[in-house]
Amino acid sequence: MKIGVGLWCLQSTATAPRSFTKAYADFLDDARLADTSGVHSLWLSEHHGYYDGYCPALLPAAAAALSVTEKLAVGTGVLLLPLQDPERVRSAAAELNERFDQRFHLGTGMGYRPSEFTAKGLDMADRVRRMNAGLDVLAADRPGPVWVGVTSERAARRAGKRGLGLMISGAVSKSDVDGFIAA
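What counts, and where the lines are drawn
Residues numbered from 1 in each chain as written. Predicted model: local features only at pLDDT ≥ 70, side-chain atom pairs only at ≥ 80, totals over all residues. Heavy atoms only, no water. Buried < 20%, exposed > 50% of the residue type's maximum accessible area, 1.4 Å probe, protein only. Helix = DSSP H or I, 4+ residues; strand = E, 2+ residues; numbered from the N terminus. Pairing = 2+ DSSP bridges. Right-handed = clockwise from strand over helix to strand, strands pointing away. Expected span 1.5 Å × (residues − 1). Arc of directions from axis to C-beta. Contact = heavy atoms within 4.5 Å. Salt bridge = Lys/Arg side-chain N within 4 Å of Asp/Glu carboxyl O.

**Some points on the pairing of strand S6 (residues 146–150)**
Then comes step 1: Alternating positions in S6 separate cleanly, Val146, Val148 and Val150 being buried on one face and Trp147 and Gly149 remaining unburied on the opposite face.
Then comes step 2: Inspection of the sheet shows strand S5 (residues 104–109) paired to S6 by three bridges, in the parallel sense. Looking at the pairing, Leu106 lines up with Val146 of S6.
Then comes step 3: Both S6 and strand S7 (residues 165–168) contribute to a ladder of four bridges, which runs parallel. When the sheet's bridge partners are listed, Val150 is paired in S7 with Ile168.
Then comes step 4: Between S6 and its parallel partner S7, the chain crosses via helix H6 (residues 153–160), and the hand of that crossover is right-handed.

The structure is reproduced here in structure tokens:
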């Protein structure tokens with residue numbers, strides 16, 4: 001059995017304040033511990049523009065964790081693909097897999113917070129188009145394992161028609177999961 005752990009968000013909240021230097025140092029310590037404990041994978045999550053410093057740059061954080069481990073896979077759960085340049089994401093993910101023995105998993109999602117799109121100068125109404133275009137780039141030239149966060153059958157079909165893996169929240173009911181898989 002393979003066990004994955006997550007999600008690391010690297011936040012400093014009002015109820016649990018810490019320096020960001022400590023948050024990132026602790027993250028690397030956690031990655032080392034997971035690696036030496038036989039854990040298969042560790043997963044990171046991103047958001048943008050919030051006071052708490054929620055990790056805004058998953059690829060450098062993943063690279064740091066991969067650089068201090070030997071066997072641990074590191075994944076994004078999820079990188080908000082419509083907010084990114086898909087060619088840059090594909091290239092960086094491929095580079096991580098090349099440098100670190102195919103241990104990087106790229107989990108993508110569409111995003112749902114309007115303020116994140118506004119902060120990036122993007123129209124949230126374009127997120128489905130941007131997600132589809134990004135997934136097309138990733139499916140055409142796979143940089144390694146690619147997962148798509150899904151919360152609907154439509155999203156599951158979006159991933160499935162491109163042969164990409166599904167990343168389904170534990171908050172989703174079993175009947176919904178069954179529907180996603182059937183889609």
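**Looking at helix H5 (residues 127–140)**
Then comes step 1: With 14 residues, H5 extends 20 Å from end C-alpha to end C-alpha; this agrees with the ideal 20 Å at 1.5 Å per step.
Then comes step 2: Taken residue by residue, H5 has Met131, Gly134, Leu135, Val137 and Leu138 as its buried positions. Seen from one end, H5 has its buried residues packed into an arc of 155°, which puts them on one side. Facing away from the buried surface of H5 by more than 90 degrees, the exposed residues are Arg129 and Ala140.
Then comes step 3: Elements that come into contact with the buried residues of H5 comprise helix H3 (86–99), S5, S6 and H6.

**What about the pattern of salt bridges?**
Then comes step 1: Throughout the structure, instances matching the rule amount to seven salt bridges.
Then comes step 2: Across the salt bridge formed by Lys22 and Asp26, the nearest N and O atoms sit 3.0 Å from each other. Of this pair, Lys22 and Asp26 are both found in helix H1 (residues 20–36), four residues apart, which corresponds to roughly one turn of the helix.
Then comes step 3: Residue Lys22 is classed as partly exposed on the basis of its relative accessible area, which comes to 46%.
Then comes step 4: The class for Asp26 is partly exposed, based on a relative accessible area of 22%.
Then comes step 5: A salt bridge links Arg162 to Asp136, with the nearest nitrogen and oxygen atoms 2.7 Å apart. Highlighted residues: Arg162 in the loop between H6 and S7 and Asp136 in helix H5, separated in sequence by 26 residues.

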